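# Topology and contacts: notes
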Amino acid sequence: MRERITKTGVLVLLLVALLIPSTNALAADEEASWTTLASMLIPKSSFQTEVIGGKIYAMGGQSNRPLASTELYDPSTNVWTNLASMSIARVAFLTEVINGKIYAIGGSGESGSLKSVEVYDPSMNVWTTLASMSSARTSSQTEVIDGKIYTIGGYNGSSVSSSLEVYDPSTNIWTTLSPMSTVREHFQTEVIDGKIYAIGGYNGLSALSSVEFYDPSTNVWTKLTPMSTARYHLQTKVINGKIYAIGGLDDSAALSSAEVYNPSKNIWTTLASMSTARYYCPTEVINGKIYAIGGRDSTTALYSVEVYNPSTNEWTALPSMLTSKVNFPSEVIGGKIYAISSESVESYTVGSTTKLLKVVLEVGENLQLSVSNDLSKNGEVTWTSSDSAVASVDTSGVVTAAASGNAVITVTDGVSYTESIRILVVENADDYRLAVDLKVDKTCRLTVDDYTNSATVTWTSMDPTVATVSDKGSVKAAGAGLTLVTASDADGKEVGRMYVRVRV
């Protein structure tokens, strides 16, 4: 059994810093940055996008006044092309795709909220006017079930609505259905097992935490367990039959919190929070992970991007966009995220796998982090943990591992400097220890002060059959296994440690 070491490790962060050029380490297979693409032909905001045949269609929006324009982006040529315009200029509307055609529904036009609906046929480059809804609506939601479009809630021009109606493309008829129990706008909907879930939103007076679902087979809405946090302008995604609710606004500020709903148990569970509060941001799901892109915190347009891994309950910072973006659409084509706004159009390629470098601690262990060789500087910055129940951090940068799980420790000066480091806490760290990885006969150098190791230090390897260490900190791999190299000062006090893993 490995000797249990519980001293606070001072050297380890300096050595980890050698392994991680930036503490916001990227997923191993992901690009290092966003790429700027061709700009849209017409500057606009609050427009809609859809993908058909690997190409992006951008419709409507606003540029001083509502727009009817339609543009097409071809990723293979990086070119935007003008297409036929809608019959009615509209902003804050919704779109759905059925059988390769785009349906534009409601929104706000030159004269206010719209009931009108039209459909675009890409093969003909033609928009065709359809039957209007019974109720005008903006800030609503739509879902498609069995080839029919359900429009739900929103603002009808005079008040927030609870109404529901369904459109059948085969008959060009809208049918009014049972209303929700609560009026909602700026909410989200998701479909699971043919049922529509309406989540959160705003009732005209305050943010909502309430949730309900609609069963088309019975034309009945059923109230469910509310979220733990009231939120509107939130984002939701479905992964493995569960609904993830992310960010948004409450009645006073932007939110960083996230929670997940399990329909089989009718339970919401609080998750790790994002590093940044955000709303008006799109989210995308790729490889079972949720990407949150840009948006706004309570005051500022955001460049930042982060990804959530449900299997580890961890948010990870990714490269920031080159231009801040708010209230914009995103699309995914071939594992690439497209962020589309008038400020710029950018793309980011997501790798097929995610390998995250973490510092591993056993429950009860401590780890000293530092921002300078002078540890007193730690008190001049702010330290936070994404999950203090897993790993807490004090005002001097000492991390304490409390329970198995993942946490992100972030340090900031509150102005321009922010960095993070990931922590994995396990019951037994033998198999999961962050280590220098060497093959037999390979070497590496460790140091406690400068490259010459001029300080009086005694170096020791717990298992010389795995790796030896010289009096100058030179480690040589001897045989397969895991060993601990420690450095002690003239008084015999341990001043640092580093695990060394050797492979044949």
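Since we're looking at a predicted model, the values are computed, not measured.

### Points about the overall build of the chain
- The number of helices and strands found in the chain is one helix and 46 strands.
- Pairs at least 24 apart in sequence give 50% of the contacts found in the chain among residues at least 6 apart.
- Surface accessibility of the chain: about 21600 Å² in total, with carbon and sulfur atoms responsible for 50%.

### Regarding the side chain of glutamate 259
- One can find glutamate 259 in strand S24 (residues 258–262).
- Owing to a relative accessible area of 1%, glutamate 259 belongs among the buried residues under this scheme.
- At a separation of 3.3 Å, a polar atom in the side chain of glutamate 259 contacts the main-chain amide nitrogen of threonine 229.
- Once residues within four sequence positions are removed from consideration, glutamate 259 is found in contact with Met227, Ser228, Thr229, Arg231, Ile243, Tyr244, Ala245, Trp268, Thr269, Thr270 and Leu271.

### Points about the pattern of salt bridges
- Scanning the model with the defined rule gives eleven salt bridges in all.
- A salt bridge links lysine 55 to aspartate 74; the shortest N-O distance between them is 3.8 Å. Residue lysine 55 is located in strand S3 (residues 55–59), and its partner aspartate 74 is located in strand S6 (residues 70–74); the two are separated by 19 residues in the primary sequence.
- Linking arginine 137 and glutamate 165 is a salt bridge whose minimum nitrogen-to-oxygen distance equals 2.7 Å. Linking arginine 137 in the loop between strand S13 (126–130) and strand S14 (141–145) with glutamate 165 in strand S16 (residues 160–168), this pair joins segments that are 28 residues apart in sequence.

### Quick word on unusual backbone geometry
- One non-glycine residue with positive phi stands out, namely aspartate 193, at about 55 degrees.
- Relative to the elements of secondary structure, aspartate 193 occurs in the loop between strand S18 (188–192) and strand S19 (195–199).
- Its identity as a non-glycine residue notwithstanding, asparagine 287 has a phi of 55 degrees, on the positive side.
- Looking at where asparagine 287 falls in the secondary structure, it is placed in the loop between strand S26 (283–286) and strand S27 (289–293).

### Notes on the packing of aromatic side chains
- Scanning all chains against the criterion turns up 16 aromatic pairs.
- Ring centres of tyrosine 197 and tyrosine 261 lie 6.2 Å apart, and the angle between their planes is 55 degrees; on these two criteria the pair is classed as tilted. Of this pair, tyrosine 197 sits in strand S19 while tyrosine 261 sits in strand S24, and the two are 64 residues apart along the sequence.
- Residue class for tyrosine 197 comes out buried when judged on its relative accessible area of 8%.
- Here a set of aromatic residues connected by ring pairs shows up, and it is made of Tyr197, Phe213, Tyr261 and Trp268.

### What to know about the environment of glycine 496
- As for its position among the elements, glycine 496 is in strand S46 (residues 494–503).
- Looking at glycine 496, the relative accessible area reads 1%, which means it is buried.
- Spatially, the C-alpha atoms of glycine 496 and valine 448 are 7.5 Å apart, while their sequence positions differ by 48 residues.

### Brief notes about the layout of surface pockets
- For the largest pocket, the calculated volume is near 1400 Å³.
- Along the wall of the largest pocket there are 37 residues; nearest its centre are Gln48, Leu94, Gln141, Gln188 and Gln235.
- Elements supplying a minimum of two residues to the lining of the largest pocket: strand S2 (48–52), strand S8 (94–98), S14, S18, strand S22 (235–239), S26 and strand S30 (330–333).
- Considered class by class, the residues forming the lining of the largest pocket number 13 nonpolar, 17 polar and seven charged.

### Here we look at the pairing of strand S12 (residues 117–121)
- Summarising burial for S12: five of the five residues are buried, a large majority.
- Bridge count for S12 against S13 is five bridges, and the pairing is antiparallel. Pairing of valine 119 across the sheet is with threonine 128, part of S13.
- Linking S12 to S13, which pair antiparallel, is a turn of four residues; within it asparagine 125 sits at a positive phi near 55 degrees.

### Focus: the nonpolar core
- Formed by 18 residues in total, the largest nonpolar core has its most connected members in Val399, Ile409 and Ile423.
- At the level of elements, strand S33 (359–362), strand S36 (391–393), strand S37 (398–401), strand S38 (405–412) and strand S39 (418–426) are the ones that each hand at least two residues to this core.
- Aside from chain neighbours lying at most four places away, what touches isoleucine 409 is Leu369, Trp383, Thr384, Ser385, Ala391, Val393, Val399, Glu419, Ser420, Ile421 and Ile423.
- Within the second largest apolar cluster, 16 residues are counted, among which are Val466, Ala467, Val469 and Met498.

### A short note on the sheet that holds strand S17 (residues 173–177)
- Read across the sheet, four strands follow the order S14-S15-S16-S17 without closing on themselves; strand pairing throughout is antiparallel. Looking at strand neighbours, the two that pair on one side only are S14 and S17, the edges of this open sheet. For this sheet the average axis-to-axis angle between neighbouring strands, irrespective of direction, equals 25 degrees.

### Considerations on the sheet that holds S36
- With antiparallel pairing, the three strands of this open sheet are ordered in space as S34-S37-S36. The sheet terminates laterally at strand S34 (366–368) and S36, the two strands that pair on one side only. The sheet shows a mean angle of 20 degrees between the axes of neighbouring strands, direction not considered.
- One ladder, built from three bridges, connects S36 with S37; its direction is antiparallel. Counted as the bridge partner of valine 393 is valine 399 from S37.

Parameters and conventions
- Residues numbered from 1 in each chain as written.
- Predicted model: local features only at pLDDT ≥ 70, side-chain atom pairs only at ≥ 80, totals over all residues.
- Heavy atoms only, no water.
- Helix = DSSP H or I, 4+ residues; strand = E, 2+ residues; numbered from the N terminus.
- Contact = heavy atoms within 4.5 Å.
- Areas by Shrake-Rupley, 256 points an atom, 1.4 Å probe, with all protein chains shown as cover.
- Buried < 20%, exposed > 50% of the residue type's maximum accessible area, 1.4 Å probe, protein only.
- Polar contact = N/O pair within 3.5 Å; in protein donor to acceptor, adjacent residues only side chain to side chain.
- Salt bridge = Lys/Arg side-chain N within 4 Å of Asp/Glu carboxyl O.
- Phe/Tyr/Trp six-rings, centres within 6.5 Å; stacked < 30°, edge-to-face > 60°.
- 1 Å grid on protein atoms, 1.4 Å probe; cavity = no way out; pocket = protein on both sides within 12 Å on 5 of 7 lines; lining within 4 Å.
- Points joined across faces, edges and corners; volume = space filled by probe spheres on them.
- Nonpolar A, V, L, I, M, F, W, Y, C, P; charged D, E, K, R; others polar.
- Pairing = 2+ DSSP bridges.
- Core = buried A, V, L, I, M, F, W, Y, C linked by side-chain atoms within 4.5 Å.
- Axes fitted to C-alpha atoms, helices over the stretch in contact; angles between N-to-C directions.

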